[in-house]
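The residues making up each chain are set out below.
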Amino acid sequence: AAFATGNTTVVLGALTHGIPLLLSAGGGEQQDVVERCQRAGVAIGLAAGDLQAGAVSRALDEVLGNPVFRQRAEHIQSTLQAAGGCERAASLLERLGETSRPVLRQVPMVHSR
């Protein structure tokens, strides 16, 4: 498991590798990212005021001990891979830069469990 803020770089990095998360939002968009991860079943979120050792330990035990968190993180991992990952994103950005027009893409349908 990864223990971090709701920073999108860290969250996407963990999910790219199928790793569940224990998150505590800092500022900006991080609270929204934490809430979305909780709804997706890939993370437990802790409020900043709940970061005492006992609460962190219990939440980490839950993330590590409940296989559903890893299963859902691995499902998102496979969805990201099916969409083409970083290589596909870079290709779409290059096409946008070359054409200065919206880039339409086909995304494989991956059904949630």
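Our structure's up above, just so we're on the same page.
Residues numbered from 1 in each chain as written. Predicted model: local features only at pLDDT ≥ 70, side-chain atom pairs only at ≥ 80, totals over all residues. Heavy atoms only, no water.

## Comments concerning the overall build of the protein
A count of helices and strands for the protein gives 5 helices and 3 strands. Reading the protein from its N terminus to its C terminus gives the helix and strand order β-α-β-α-β-α-α-α. Projecting the C-alpha coordinates of the protein onto the three principal axes gives extents of approximately 55 × 30 × 20 Å. Counting only residues that meet the buried cut, the protein has 27% of its 113 residues in that class. Residue pairs in contact within the protein that sit at least 24 positions apart in sequence constitute 47% of those at least 6 positions apart. By element, 55% of the accessible surface of the protein is carried by carbon and sulfur atoms, the whole surface being about 7300 Å². Positive and negative side-chain charges in the protein, numbering 10 and 10 respectively, have mean positions lying 8 Å apart. (Helix = DSSP H or I, 4+ residues; strand = E, 2+ residues; numbered from the N terminus. Buried < 20%, exposed > 50% of the residue type's maximum accessible area, 1.4 Å probe, protein only. Contact = heavy atoms within 4.5 Å. Areas by Shrake-Rupley, 256 points an atom, 1.4 Å probe, with all protein chains shown as cover. Lys, Arg positive; Asp, Glu negative; His and termini not counted. Charge placed at Lys NZ, Arg CZ, Asp CG, Glu CD.)

## Details of unusual backbone geometry
With a phi close to 55 degrees, Ser100 is a non-glycine residue in the positive phi region. Residue placement: Ser100 occurs in the segment after α5 (85-99).

## Some words on the sheet that holds strand β2 (residues 21-23)
With parallel pairing, 3 strands are arranged side by side in an open sheet as β1-β2-β3. Either end of the sheet is taken by a strand with one partner, and the two such strands are β1 (2-4) and β3 (43-45). In this sheet, neighbouring strand axes are inclined to one another by 15 degrees on average, regardless of whether the strands run parallel or antiparallel. Here β2 pairs with β3 via 3 bridges, running parallel. Each bridged residue has a counterpart across the sheet, and for Leu22 the counterpart in β3 is Ile44. (Pairing = 2+ DSSP bridges. Axes fitted to C-alpha atoms, helices over the stretch in contact; angles between N-to-C directions.)

## Details of the pattern of salt bridges
Close approach of charged atoms allows side chains of opposite charge to pair. Taken as a whole and assessed by the stated rule, the structure comprises 1 salt bridge. Arg36 serves as the salt-bridge partner of Asp32, at 2.9 Å between the closest nitrogen and oxygen. Taken together, the residues Asp32 and Arg36, both in helix α2 (residues 30-40) and 4 residues apart, mark about one turn of the helix. On the accessibility criterion, Asp32 (36% relative accessible area) is partly exposed. (Salt bridge = Lys/Arg side-chain N within 4 Å of Asp/Glu carboxyl O.)

## Side note on the side chain of Ser24
Of note, Ser24 is situated in the loop between β2 and α2. Of note is the side chain of Ser24, whose polar atom sits 3.0 Å from the backbone oxygen of Leu46. (Polar contact = N/O pair within 3.5 Å; in protein donor to acceptor, adjacent residues only side chain to side chain.)

## A word on α2
Residues of α2 that are buried include every one of Gln30, Val33, Val34 and Cys37, and no others. With its buried residues spanning 100 degrees around the axis, α2 presents them on a single face. Facing away from the buried surface of α2 by more than 90 degrees, the exposed residues are Arg36 and Arg39. Against α1 (8-16), β2 and β3 lie the buried residues of α2. Phi turns positive, to about 75 degrees, at Gly41, one or two residues after α2. (Arc of directions from axis to C-beta.)

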